[in-house]
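Chain by chain, the residues run as shown.
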Amino acid sequence: MADTVIVGGGAIGCATAVYLLRDEPSRDVVVLEPDPTYAKAATPRASGGVRQLFSCPENIALSRYTLEVTKTDTWHRNGYLFIASVADTDALRANFETQLAMDVRAEWLEPAHLAERFPLLATDDLGAAVLSADDGWLDPHTFLMRLRSEAESLGARFLRDRAVDFAFKGRLVSEVVLASGDRLPAEHVVNAAGCWSPELAARAGVPIPVEPMRRYEHFVEADGDFGALPFVKDPAGLALRPEGAGLSVGLVDFGHPGGFDETIDSSYFDKVVWPALAHRVPALDRARLRSTTVGHYDQNRLDGNAIIGNWPQARENFYLASGFSGHGLMHAPGVGRALSELIAYGEFRTIDLGRLGYGRIVKNQPYAERGIR
Ligand SMILES: Cc1cc2nc3c(=O)[nH]c(=O)nc-3n(C[C@H](O)[C@H](O)[C@H](O)COP(=O)(O)OP(=O)(O)OC[C@H]3O[C@@H](n4cnc5c(N)ncnc54)[C@H](O)[C@@H]3O)c2cc1C
């Protein structure tokens, strides 16, 4: 019998395997991952942003942990900049106070100061901005491969198979049923299957309000030097950062009905992204769209925050790590550590993620980021 079967070998599954094995090297940890190329997984499609600019202390602490422990030569520590409309300035201020109270090296910038620091940005319509200088982005594929190879070197067994169902003994999941027909007896099961986790969670009797949400990443090239820009989040929902000879840009379409959708609607860039981009970075008025990639957020429709942990009253040994809603890469190491603590000791020992647990789903009580997503 495996000690722990982790369903899904993306950033969250690999990080969980790493921390379980660092804690207890003799554990038998199996990671089920049907696709070693990660063709549809979210992790390699991410923008790679890591920020401490959240309102929920748990999210700040999880990002901080990644910034502290992730050693990679792909870091770009250009900082992370949240710019807010006049209407959002109070929310930005409240979040800023929380960030300062948690010792984030955050800086409040009035529009005039912002214009001096980042002359590429149009600031006329803004109320204020907050810069977190220690934040930035990294290469998501490298990040994933490092987690995976550490998990493998610590002894995790990666099986190229897919979980399709579970068997139960009372309130416990006793086996993971695989697409190959094999069955894996397990003491603990972690559902880290990203956008595919809701169906598995439902099969385990632990339904979650998570669904795939299409998210494009656009690469634009332009004349000029954009390399010193931080990762910028704009009131229009635009996210941008330097990439090669231009920028990597995303703008979540919260109006999309949800579900897997691999189509690339080229009019979305022209109609939605381009006007927002040209407004915020006027020097991009002659930028060229080079490519668009499509991925999916595992979007938590209740509150946009992750769901982490088990359901003690109903399925003690079935653990969720899903619903990351666009934050899963930056939170993977801390989530892996937290889950390994929960599995090993029945409690969170370093970052208390109790408020991100399944209890709020059962009670239908959102625990959302305040003000700015
Ligand atoms: C365009 C885009 C930009 C993003 N930008 C950022 C960002 O800047 N910062 C950030 O922190 N996050 C970002 N995210 C979100 C982040 O990528 C995800 O939250 C994170 O990668 C989730 O990791 P995961 O391991 O849960 O899921 P995934 O990486 O999707 O891994 C899940 C794995 O489960 C496997 N699987 C599926 N079904 C089964 C099954 N039945 N049995 C076994 N295995 C199965 C899949 O093959 C997959 O490899 C972005 C996402 C997208 C799409």
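Once a new chain begins, its residue numbering starts again from 1 and follows that chain's sequence as written. Local features are withheld for residues below a pLDDT of 70 in this predicted model, meaning they are given only at 70 or higher, and side-chain atom pairs are given and counted only at 80 or more; totals for whole chains, interfaces and linings count all residues.

What follows concerns unusual backbone geometry. Despite not being glycine, Asp-103 shows a phi value in the positive range, around 65°. Relative to the helices and strands, Asp-103 is located in the loop between helix 3 (89-101) and strand 5 (106-109). Exposed residues have 12 or fewer other C-beta atoms within 10 Å of their own C-beta, buried residues have 20 or more, and partly exposed residues fall in between, where C-beta atoms are placed from the backbone. Taking the C-beta count within 10 Å as the criterion, Asp-103 has 10 such neighbours and is therefore assigned exposed. Its identity as a non-glycine residue notwithstanding, Ser-325 has a phi of 50°, on the positive side. Inspection of the secondary structure puts Ser-325 in the loop between strand 18 (315-322) and helix 8 (328-345). Note on conventions: DSSP H or I runs of at least 4 residues are helices, E runs of at least 2 residues are strands, and numbering of each starts at the N terminus.

What follows covers the sheet that holds strand 4 (residues 80-85). Reading across the sheet, the eight strands line up as 5-6-4-13-14-15-12-16 and stay open at both edges, with mixed pairing between neighbours. A strand with exactly one partner marks an edge of an open sheet, and here the two such strands are strand 5 and strand 16 (288-300). Within the sheet, the average angular offset between the axes of one strand and its neighbour, ignoring direction, is 20°. At least two DSSP bridges between two strands are needed for those strands to be called paired. Note: strand 4 against strand 13 (residues 231-233), three bridges, orientation parallel. Bridge assignment links Tyr-80 to a residue of strand 13, and that residue is Phe-231. Contacting strand 4, strand 5 and strand 6 (126-132), helix 3 runs over the sheet at an angle of about 20° to strand 6. Whenever a helix is involved, its axis is fitted only over the stretch in contact; in every case the axis is a line through C-alpha atoms, and angles between N-to-C directions fall within 0 to 180 degrees. By the convention adopted here, residues make contact when the C-beta atoms placed from their backbones lie within 7 Å.

This brings us to helix 7 (residues 266-280). Residues spaced three or four apart along an α-helix point in a common direction, a consequence of the helix completing one turn every 3.6 residues. Expected helix span is computed as 1.5 Å times (number of residues minus one). Taking 1.5 Å of rise per residue, 15 residues should cover 21 Å, and helix 7 covers 21 Å from first to last C-alpha, within 8% of that figure. Approximately 45° is the largest bend angle found in helix 7, and it occurs at Val-273, with the proline Pro-275 only one to four residues beyond. The elements touched by buried residues of helix 7 are strand 12 (210-221), strand 14 (238-243) and strand 15 (246-251). Bending is quantified residue by residue as the angle between axes fitted to the seven-residue window ending at that residue and the seven-residue window starting at it.

For the rest of this paragraph, the subject is the packing of helix 1 (residues 11-23) against helix 5 (residues 140-154). Put simply, helix 1 and helix 5 touch, their axes get as near as 8 Å, and they point 35° apart. The hand of the helix 1/helix 5 crossing is left-handed. Judged by residue contacts, Ala-11, Cys-14, Ala-15, Ala-17, Val-18, Leu-21 and Arg-22 of helix 1 engage Phe-143, Leu-144, Leu-147, Arg-148, Glu-150, Ala-151 and Leu-154 from helix 5. Each residue is assigned to one class: nonpolar for Ala, Val, Leu, Ile, Met, Phe, Trp, Tyr, Cys and Pro, charged for Asp, Glu, Lys and Arg, and polar for all the others, Gly among them. Residues of the contact of helix 1 with helix 5, tallied by class, amount to eleven nonpolar, no polar and three charged. By the definition used in this description, the sense in which the near helix is turned from the far one sets the handedness, with an anticlockwise turn below a right angle giving left-handed and a clockwise turn giving right-handed.

Bringing the site of the ligand into the picture now. Each residue gets a C-beta atom placed from its backbone. If that atom is within 6 Å of a molecule or strand, the residue is near it. Taken together, 40 residues are adjacent to the ligand, and Gly-8, Gly-10, Gly-194, Gly-295 and Gly-328 come closest. Secondary-structure elements contributing two or more residues to the shell around the ligand are helix 1, strand 12, strand 16 and helix 8. Looking at side-chain class alone, the shell around the ligand contains 19 nonpolar, 15 polar and six charged residues. Residues lining the shell around the ligand come from more than one domain, with at least three contributed by each of domain 1 (2-45 + 140-209 + 303-362) and domain 3 (223-228 + 236-296). Domain ranges listed in this record stem from an automatic or a database domain assignment.

Moving on, we get to the nonpolar core. If you look at the biggest cluster of nonpolar residues, it comprises 105 residues, and the most contacted ones within it are Ile-6, Val-7, Ala-17, Ala-129 and Ile-308. If you tally residues by element for this core, the top one is helix 1, at nine residues. Residues in contact with Ala-129, not counting those within four places in the same chain, are Leu-81, Phe-82, Ile-83, Ala-84, Leu-109 and Leu-114. Residues of type Ala, Val, Leu, Ile, Met, Phe, Trp, Tyr and Cys that are buried and joined through C-beta atoms within 7 Å form what is called a nonpolar core.

Our focus in this paragraph is the domain arrangement of the chain. For the chain, the assigned domains are domain 1 (2-45 + 140-209 + 303-362), domain 2 (80-133) and domain 3 (223-228 + 236-296). Computed over C-alpha atoms only, the centres of domain 2 and domain 3 are separated by 22 Å.

So, on to the pairing of strand 15. Across the six residues of strand 15, six count as buried, placing the element largely inside the fold. Bridge analysis of strand 12 against strand 15 gives four bridges, and the strand direction is antiparallel. Counted as the bridge partner of His-218 is Val-249 from strand 15. Here strand 14 runs beside strand 15; their pairing, made up of six bridges, is antiparallel. Bridge pairing in strand 15 places Ala-239 opposite Gly-250.

Let us now look at helix 8. In a regular helix each residue adds 1.5 Å, so 18 residues correspond to 26 Å; helix 8 covers 24 Å between its end C-alpha atoms and thus fits that length. Approximately 40° is the largest bend angle found in helix 8, and it occurs at Gly-334. Counting buried residues along helix 8, 15 of its 18 residues qualify, which places the element largely inside the surrounding structure. Gly-346 occupies a position one or two residues after helix 8 and carries a positive phi of about 75°.

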